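Structural overview for review
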There are 2 protein chains.
Amino acid sequence: MSIVLSRDSRVRVMENTVTNAEKYFGQLCSLLAAYTRRTARLRDKADQLVKQLTDFANTENPELRATMRNFAEDLAKVQDYRHAEVERLETKVVSPLKLYGAHIKQTRAEIKKFKQVQKNEIKQLEKLEKLRQKSPLDRQMISQAETSVQRASADASRTTHQLEEVINTFQKQKLKDLQKIFSDFVTIEMVFHAKAVEVYSSAFQILESYDLERDLEDFRAKMHGVCGHYNARPLKDTMPSPAVSWALTGQSTQATIRSQRRDEEEDSTEHSAEEDPVQDLRGQGQAPQQ
Amino acid sequence: MSIVLSRDSRVRVMENTVTNAEKYFGQLCSLLAAYTRRTARLRDKADQLVKQLTDFANTENPELRATMRNFAEDLAKVQDYRHAEVERLETKVVSPLKLYGAHIKQTRAEIKKFKQVQKNEIKQLEKLEKLRQKSPLDRQMISQAETSVQRASADASRTTHQLEEVINTFQKQKLKDLQKIFSDFVTIEMVFHAKAVEVYSSAFQILESYDLERDLEDFRAKMHGVCGHYNARPLKDTMPSPAVSWALTGQSTQATIRSQRRDEEEDSTEHSAEEDPVQDLRGQGQAPQQ
């Protein structure tokens, strides 16, 4: 009977391995999917910020306009990298964890199969025990029952061995996959953060090189320009026509990584910028120079 | 009358400057506050992931347990940096933008004051025009009205000058603040991303150095240990008692940057780990070696 109990304990370890994997892989999958979704939402909010900064830039003087547009461009680049991060997390982290459901189901079926074989062994053992107590002298019946027990034990032993193989393979695959999935997670995050550092370094330079005094000069010229004092430096040099500036800084010429998602949003940006009343006002200020 | 019209246009430029600032600073403030909130939510989700990974680690064999705990530690560190990012964004980006509301209100009041002076000038001019049409020969009345117009014009001219000063200062401050706020935004983001790269590099090393074979050996030993085959390498070397391992890897000894927020969560992690049935099972497997 002790060998049956030890086999039972062994199977319990195996069952625990699978149950544990099911529980934690399920939870990790949900959490990592939620983490990915929240990253996507952060990207969406930053996309709105990019749009707003571009709108704002279009209402400002050339100096600040260029600075804000370039800064918005860089912020958009970071979101493109964040978008790539989201897609990679879905493909390389969330999806493989999702696949575990099926894998675990299959292993559970193997365990169930073994448990039936094990039940039979116990049944045969109990039958033999009863016989020994009720008819201890019926040698033939006892011998028959002993043969049945031996056969059932051999069955159980073989199946335990097979199950051990299955669980070993399962565990090995699990450990391999864990290492792979989390290494991928770390790599994806690392690449994103490294790219973000790179882009923000450029954005910092853009903001640092912003010439506030020149911008103020333009502002004063604009205030006075409206009432006929055109002694300020010509604005034309730094203020291309709206059509030209859109072509030059248009976000559609950006990295191929950029998705349809943002291009659609840009159309509306352009549209609203063209309708902006302040743009018209600036147009008035410029008119006398033409 | 043309000087009045030009003054009117000038004030319209000034008004537009303030209206524009009000509109865009308000929107940028909301968006940046939302961006900060979503960053905080991403931090919270990652905190849950850290907790789950620690729970999971506690149900695994020593090798994977150590790897997962160290990995969770690093993931927690990134969240600490993200938490610092959130707090800095609130202090250095969202708060200064919020303060603009009061600043703009004050400037609006200055404009309103001027407009009343301007209204008076127009009133006096209209009075003079009417007089000239109705009683073109009443020299005395016309002369009086002309004096009133001159006085009102002088008033308007002086106030316009004052207003220009106010708007100039407003614009200069606005441009300075914009540059400062977005430079701070970029710096905060840059610091966070750089720290994240650093920590994830270490996390990658942790996952790379994970010894899968050793872990599988332990797993096989555990399966056999339960049924009395104690020929595997002793587990004691790599499996300190729960109390010791908590002291060694306990997250409370971590960087000071870590806030109360996570420490509270850790208590529950510890608690659930102690109650885990798989921990008891492992205890059984170890017993014969003591």
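Quantities reported herein were computed from a predicted structural model and do not represent experimental measurements. Per chain, residues are indexed from 1 in the order of the written sequence. The lettering of chains begins at A and the numbering of ligands begins at 1, in the order of writing. Note on the predicted model: pLDDT of at least 70 is required for a residue's local features to be given, and 80 or more for side-chain atom pairs to be given and counted; whole-chain, interface and lining totals, by contrast, use all residues. Note that the side-chain values use all heavy atoms of the structure and ignore hydrogens as well as water.

**Things to note about the overall build of chain A**
How we decide: Secondary structure elements are defined from DSSP: runs of H or I of at least 4 residues count as helices, runs of E of at least 2 residues count as strands, and each element is numbered from the N terminus. Note on definitions: a residue-residue contact is assigned when non-hydrogen atoms from the two residues lie within 4.5 Å. The Shrake-Rupley method, run with a 1.4 Å probe, gives the accessible areas here. Residue values count only the displayed protein chains as cover.
Within chain A one finds 7 helices and 0 strands. The secondary structure elements of chain A, listed N-terminal to C-terminal, are α-α-α-α-α-α-α. A sequence separation of at least 24 residues applies to 85% of the contacts in chain A between residues at least 6 apart. Of the roughly 14,100 Å² of accessible surface on chain A, a fraction of 51% belongs to carbon and sulfur atoms.

**Some points on the pattern of salt bridges**
We count it as follows: We define a salt bridge as a side-chain nitrogen of Lys or Arg found within 4 Å of a carboxyl oxygen belonging to Asp or Glu.
Evaluation of the coordinates by the stated rule reveals 26 salt bridges over all chains. Residue Glu164(B) is joined to Arg10(B) by a salt bridge in which the shortest nitrogen-to-oxygen separation is 2.5 Å. Within this pair, whereas Glu164(B) is found in helix 3 (residues 139-208), its partner Arg10(B) is found in helix 1 (residues 2-57), the two being separated by 154 residues in sequence. Through salt bridges with shared partners, a single network forms among Glu129(A), Arg132(A) and Glu146(A).

**What about the side chain of Gln79(B)?**
Residues and elements named next belong to chain B. Keep this limit in mind: Only protein chains enter the accessibility calculation, which uses a 1.4 Å probe. A residue is then buried if its area is under 20% of the maximum for its type, exposed if over 50%, and partly exposed in between. For the purposes of these results, a polar contact is taken to be a pair of N or O atoms within 3.5 Å, where, inside protein, one atom must be able to donate a hydrogen and its partner to accept one; residues adjacent in sequence count only when each atom of the pair is a side-chain atom.
Summarising the element assignment, Gln79 is placed in helix 2 (residues 62-134). Gln79 sits in the buried class, given a relative accessible area of 0%. Within the structure, the side chain of Gln79 is placed 3.1 Å from the backbone oxygen of Leu75, a separation counted as a polar contact.

**Description of the side chain of Thr159(B)**
Residue and element names in this part refer to chain B. Mapped onto the elements of the fold, Thr159 is located in helix 3. Residue classification places Thr159 among the buried residues on the basis of a relative accessible area of 8%. The contact partners of Thr159, leaving out residues within four places of it in the chain, are Phe114 and Val117.

**Some details on the relation of the copies chain A and chain B**
We count it as follows: Copies overlap after least-squares fitting; the atoms used are the C-alpha atoms of residues with pLDDT of at least 70 in both.
Superposing chain A onto chain B takes a rotation of 180° combined with a translation of 0.0 Å along the rotation axis, leaving an RMSD of 0.1 Å. What we have between these two chains is a two-fold relation. Considering only C-alpha atoms, the part of chain A nearest the rotation axis is His193(A), at 2.4 Å. When the interface residues of chain A are mapped onto chain B, 100% of them are again interface residues, pointing to one common binding face.

**Let's talk about the nonpolar core**
Test applied: Only buried residues count toward a nonpolar core, which is a set of Ala, Val, Leu, Ile, Met, Phe, Trp, Tyr and Cys residues joined through side-chain atoms within 4.5 Å.
Core analysis: the biggest nonpolar cluster contains 114 residues, and Met68(A), Phe185(A), Tyr200(A), Met68(B), Phe185(B) and Tyr200(B) have the highest contact counts within it. Listed by contribution, the elements that provide at least two residues to this core are helix 1 (2-57), helix 2 (62-134), helix 3 (139-208) and helix 4 (212-225) of chain A together with helix 1, helix 2, helix 3 and helix 4 (212-225) of chain B. With near-sequence residues (within four places) excluded, Tyr200(A) lies in contact with Leu75(A), Val78(A), Tyr35(B), Phe185(B), Val186(B), Glu189(B), Met190(B) and His193(B).

**Some remarks on the packing of helix 1 of chain B against helix 3 of chain B**
Residues and elements named next belong to chain B. Rules: Angles here are taken between N-to-C directions and fall from 0 to 180 degrees, while the axes themselves are lines fitted to C-alpha atoms, restricted in helices to the stretch in contact. Every angle not falling under 35 degrees, over 145, or within 65 to 115 is termed oblique; those three ranges are roughly parallel, roughly antiparallel and roughly perpendicular. Left-handed is the label given to a crossing in which the near helix is rotated counterclockwise from the far helix by less than a right angle, and right-handed is the label when the rotation is clockwise. Residues are grouped as follows: nonpolar covers Ala, Val, Leu, Ile, Met, Phe, Trp, Tyr, Cys and Pro; charged covers Asp, Glu, Lys and Arg; every other residue, Gly included, is treated as polar.
Contact pair helix 1 / helix 3: the axes reach a minimum separation of 10 Å and the direction vectors enclose 25°. In this view, helix 1 runs roughly parallel relative to helix 3, as classed from their interaxial angle. As helix 1 runs across helix 3, the sense of the crossing is left-handed. Of the residues assigned to the contact of helix 1 with helix 3, the class counts are 15 nonpolar, 5 polar and 5 charged.

**A closer look at the interface of chain A and chain B**
Note the threshold: When two parts are put together, the accessible area they lose, computed with a 1.4 Å probe and summed over both, is reported as buried area.
Taken together, the contact between chain A and chain B spans 81 residues of the former and 81 residues of the latter. Across the interface of chain A and chain B, roughly 7,500 Å² is buried in total on both sides, 73% from carbon and sulfur atoms. In this structure, the connection of chain A to chain B is made through 4 salt bridges. In this structure, Glu213(B) and Lys172(A) form a salt bridge, with 3.9 Å as the shortest nitrogen-oxygen distance. Linking chain A with chain B are 15 residue pairs in polar contact (both at pLDDT 80 or more), by the criterion used here. Examining the composition of the side of chain A that touches chain B, we find that 30 residues originate from one element, helix 1 of chain A, more than from any other.

**A few points about the confidence of the model for chain A**
All names here are of chain A. The line we're drawing: Each residue carries a pLDDT score, the predictor's confidence in it, ranging from 0 to 100.
With 77% of its residues at a pLDDT of 70 or more, chain A shows a mean pLDDT of 79. Here helix 7 (residues 277-286) is the element of chain A with the lowest mean pLDDT, 33, and helix 3 is the one with the highest, 93. Segment residues 226-260 is flagged for pLDDT under 50; beyond a separation of four residues in sequence, or across chains, it makes 56 contacts in the model. With pLDDT under 50 throughout, residues 262-290 is counted as low confidence; its partners more than four residues away or in other chains account for 44 contacts.

**Here we look at the packing of aromatic side chains**
Put simply, the rule reads: Put simply, two rings from Phe, Tyr or Trp (the six-membered ring, in Trp's case) pair if the centres are within 6.5 Å, and we call them stacked under 30 degrees between planes, edge-to-face over 60, tilted for the rest.
Counting across every chain of the model gives 14 aromatic pairs over all chains. Ring geometry for Tyr24(A) against Phe56(B): centres 5.4 Å apart, planes inclined by 50°, an arrangement best described as tilted. Of this pair, Tyr24(A) sits in helix 1 while Phe56(B) sits in helix 1, each in a different chain. Neither Tyr24(A) nor Phe56(B) differs from the other in exposure class; each is buried.

**Thoughts on a positive patch on the surface**
Operational definition: The patches described consist of residues with a relative accessible area above 30% and no salt bridge, like charges being joined within 9 Å and nonpolar side chains (Val, Leu, Ile, Met, Phe, Trp, Tyr) within 5 Å. Charged-residue counts in this description rest on Lys and Arg as positive and Asp and Glu as negative, His and the chain ends being excluded. By convention, charge coordinates are those of NZ in Lys, CZ in Arg, CG in Asp, or CD in Glu.
A cluster of basic residues, Arg37(A), Arg41(A), Lys98(A), Arg37(B), Arg41(B) and Lys98(B), forms a positive patch at the surface. Note that Lys98(B) resides in helix 2.

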